Amino acid sequence: MAKKQFKTESKRLLDLMINSIYTNREIFLRELISNASDALDKRHYLSITDDNYRVATGELKIEIKTDKANRLFILTDSGIGMNKEALESNLGTIAKSGSLEFKQNLEENVSDVDIIGQFGVGFYSAFMVAKEISVESKAAGEQAYKWVSTGDDGYTISESDKENIGTTITLTLKDNTESDNYDEFLEEYQIRTLVTKYSDYVRYPINMDVEKSEPIEDSEEVSTKIVNETLNSMIPLWKRNKKDITDEEYNDFYKSKFSDYTDPIKTVHYSLEGNVSYNALLYIPSKAPYNYFNSDYQQGLKLYCKGVFIMDNAKDLVPSYFRFTKGLVDSDDLSLNISREILQQDRQLKQIAKSIEKKIKAALVDLLNNDRPKYEEFYDAFGAQLKYGLYEDFGAHTEVLKDLVMFKSSFEDKYTSLNEYVLRMSDEQEFIYYASGESIAKINLLPQIEKIKDKGYEVLYFTDNVDEFSIMAMQQFADKKFKSIAQGELDVDTDEEKVEKEKIVEENKSLLEKMSESIKDTVSSVKISSRLKTHPVCLVSDDGISLEMEKVLAQNPEGSDVKATRILEINPDHEIFAFLKQTYETNPEQIQDYTKLLYSQALLIEGLSIENPVEYANQICNLMIKSK
Ligand code: ADP
């Protein structure tokens, strides 16, 4: 029979796994049992509505057998099973949706052998202990098939005569070597230990034939008989008492159930009694999954009704701005044969969703206030999500999210929440100031920032595309309006300074008009600035769309012709202004060229491209020649 090849990425992963001296190889059992349990969940659910999957409840189980003579470890489940296509697509490749990052991570971490054990690589982990794996599987109403592979050179697939729906996985254990002994996985005691360690909470019985010895009455002898024993307690983790569950148990459960390889940053476990009663076990991951910002990321929680698994991603249980949350909900108050469509409109489900939102928010606020380093780790991964959330639905979620967002600021090289910013504001500071740019370093070079810092005002650094949009939706925080240092009137001058400025404007009216006239195609006006200290000019925009927003919108694949209203501001205290005044008197036609030059400079400082670089270069050359 011709062998089919693994997809390249799977092959690499397999090589890595098989050839590494794996320190934690026993987790293969957890992975196989977890797959079996998922398959049983699916069958259980389908059996309620579909006769093809009918099964007596007692028949939903996992069976472990060993064959010491042939060194076989055999795990059978009566779950949903796989047909030929499913066998090929599920077991023929790991990186189903091109999980490139996953692969890269693995390659980068190759030296750190243990890290491999952290990956939820599922089925493939069995190759750490097996030299050959066979998977025989039958889906309802379909021909059964047998998939066989030695891991390194592809797999074969052929028809099988398996009669019952479900899957049997047979591992031929690797040969023992001097340093590695695989026989432990044939020992009842070891199997029992591993099942209770990793899979005790699995809600289906994990059975194994074990030898029981009993003394024979009135005799010295003992009789041994084989008893089929259930190894696990079958109490789901989320139904157990919180205080009896260790962090390790929570984390292990998370990693095996939600295919993550790092511990979550926060676990929230609670049960609510009331109109709708339910148990919830929620996790806030510490890293964004590789596909988090792609459309194939599935938001939602696993939903169970009365302990029966209903679906993997009940989308409506978490709001989109908390879509990073993983976990499950188990409610006794939902109807079991509730259809997926009805589920979306279910009133009880909406109530559950509301309380979940509150719990997540409370958990995040708690981290923010009591474990800042962790909150910052979370925020590095998902802060952008919260800021998008502010902007989403025209700012409908600001109440939930405004306390959770943070920005870097000029106060110190750290994140600050808006609340912390406001607490630091002096009495006379009217606005929450912010400045936008590509990076903090670039923002600090902006001409506009000097004076505001001199006044002692703290400036929030907006370096994410979404930042300005998020505060636009909020408009204000704690009755303080947000103000860009590069937009509209800055309003930081004292009354005297204002009078002084009025005077300068009045005196130079016609010069300013002349300047405005020179660049009227691109700039709405040229004004005397009250925000500049040492720099000659800066480009600002009117209230509303900012220059940064214009840049972001222009990146939109569909393009955008939304433009900021540009204003060129000139520093009346700068030498250049005196020079312009003088030029205007002696040589007024020069003003046009000089204004264009200054405007080009302002564009460059803003990180915008100048409209006519050749003209700009020529003008500079002319100036040099003239100054000779
Ligand atoms: P994961 O469980 O993380 O999805 P695996 O490599 O462990 O990755 O399994 C791949 C897929 O193969 C599963 O998602 C499931 O669809 C299928 N599968 C694995 N084991 C079984 C089983 N015992 N019964 C039915 N399907 C299974």
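The text that follows walks through the structure, step by step, so that each part is easy to find.

How each quantity is defined
Sequence positions are assigned chain by chain, starting from 1 and proceeding in written order. Whole-chain, interface and lining totals are the exception, using all residues; otherwise, since this is a predicted model, local features are given only for residues with pLDDT of at least 70 and side-chain atom pairs are given and counted only at 80 or more. Side-chain metrics in this entry use all non-hydrogen atoms of the structure; hydrogen atoms and water are not considered. Throughout, the protein atoms alone are placed on a 1 Å grid, and a set of points is a cavity if a 1.4 Å probe fits but cannot get out or a pocket if it is open with protein on both sides within 12 Å along at least five of seven lines; lining residues have an atom within 4 Å of a point. Grid points are joined across faces, edges and corners, and a volume is the space filled by probe spheres set on the points. Under the scheme used here, helices are H or I runs from DSSP no shorter than 4 residues and strands are E runs no shorter than 2 residues, and both carry numbers assigned from the N terminus. Charged means Asp, Glu, Lys or Arg here, nonpolar means Ala, Val, Leu, Ile, Met, Phe, Trp, Tyr, Cys or Pro, and polar covers whatever is left, Gly included. Residue proximity to a molecule or strand is established when one non-hydrogen atom of the residue lies within 4 Å of it. A 3.5 Å cut-off defines polar contacts: any pair of N or O atoms within that distance qualifies, except that in protein one atom must be a possible hydrogen donor and the other a possible acceptor, and neighbouring residues in sequence count only when both atoms are side-chain atoms. Accessibility throughout is a Shrake-Rupley quantity obtained with a 1.4 Å probe, and a residue counts as covered only by protein chains that appear here. Buried residues are those whose accessible area, probed at 1.4 Å on protein chains only, stays under 20% of the maximum for their type, while exposed residues exceed 50% and partly exposed ones sit between those limits. Given a helix with a known number of residues, its expected span is that number minus one, times 1.5 Å. Whether two residues touch is decided by their heavy atoms; if any such pair falls within 4.5 Å, the residues are in contact. Interaxial angles span 0 to 180 degrees and are taken between N-to-C directions of axes, which are lines fitted to C-alpha atoms, for helices over the stretch in contact. Should an angle fall under 35 degrees it is called roughly parallel, over 145 degrees roughly antiparallel, and 65 to 115 degrees roughly perpendicular, with every other angle called oblique. Definitions for this section: a left-handed crossing has its near helix turned counterclockwise from the far helix by less than a right angle. A right-handed crossing has that turn clockwise. Should DSSP find at least two bridges between two strands, the strands are taken to pair.

A volume near 370 Å³ is recorded for the second largest pocket. Lining the second largest pocket are 21 residues, and of these S436, G437, E438, E548 and K551 sit closest to its centre. Of all the secondary structure elements, the ones that give two or more residues to the lining of the second largest pocket are helix 13 (440-444), helix 15 (467-474), helix 18 (547-555) and helix 20 (590-606). With four residues, helix 18 is the single largest residue contributor to the lining of the second largest pocket. Of the residues assigned to the lining of the second largest pocket, the class counts are seven nonpolar, six polar and eight charged.

Let's shift gears to the site of the ligand. The environment of the ligand is formed by ten residues, the closest being N35, A39, D77, N90 and F123. Within the side chain of N90, one N or O atom sits 3.4 Å away from an oxygen atom of the ligand. Interatomic distance of 3.4 Å between a side-chain N/O atom of T167 and a nitrogen atom of the ligand. Protein coverage of the free-state accessible area of the ligand, which is 530 Å², stands at 78%.

The subject of this paragraph is unusual backbone geometry. For M234, which is not glycine, the phi torsion reads 70 degrees and is therefore positive. Mapping M234 onto the fold places it in the loop between strand 8 (222-230) and helix 7 (247-257). Here the phi dihedral of D479 falls at roughly 65 degrees; this positive angle occurs in a residue that is not glycine. Within the secondary structure layout, D479 lies in the loop between strand 18 (476-477) and strand 19 (480-484). Under the relative-accessibility criterion, D479 is labelled exposed at 68%.

Think of an α-helix as 3.6 residues a turn; residues three or four steps apart then line up on the same face. With 17 residues, helix 20 ought to run about 24 Å at 1.5 Å a step, and its terminal C-alpha atoms sit 25 Å apart, in line with that. Within the sequence span of helix 20, burial applies to Q590, I591, Y594, T595, L597, L598, Y599, S600, A602, L603 and E606. Next to the buried residues of helix 20 lie helix 17 (509-518), strand 21 (537-541), helix 18, strand 22 (566-570), helix 19 (575-586) and helix 21 (613-626). Residue G607 follows helix 20 closely and has a positive phi angle near 80 degrees.

This paragraph deals with the packing of helix 10 (residues 372-391) against helix 15. In contact at an axis separation of 7 Å, helix 10 and helix 15 are set at 40 degrees when each is read in the N-to-C sense. With respect to their mutual orientation, helix 10 and helix 15 come out oblique. Note on packing geometry: the crossing formed by helix 10 with helix 15 is left-handed. Counting all contacts with helix 10, which are made through K387, L390 and Y391, the residues of helix 15 involved are D467, F469, S470, A473 and M474. By residue class, the composition of the contact of helix 10 with helix 15 is five nonpolar, one polar and two charged.

This brings us to the sheet that holds strand 18. If you trace the six strands from one edge of the open sheet to the other, you get 15-14-17-16-19-18, paired in mixed fashion. Among the strands making up the open sheet, the edge pair consists of strand 15 (415-417) and strand 18. As paired elements, strand 16 (residues 431-436) and strand 19 share four bridges and run parallel to each other. Directly across from Y433, in strand 19, lies its bridge partner K483. Contacts from helix 15 reach strand 14 (406-409), strand 16, strand 17 (459-462), strand 18 and strand 19 within the one sheet, and its direction differs from that of strand 17 by about 125 degrees.

As a further point, take the sheet that holds strand 5 (residues 154-159). An order of 5-4-3-6-2-1-7-8 is seen for the eight strands of this open sheet, with the pairing classed as mixed. Of all the strands in the sheet, the pair left with one neighbour each is strand 5 and strand 8. Between one strand axis and the next, the sheet turns through 25 degrees on average, direction left out of account.

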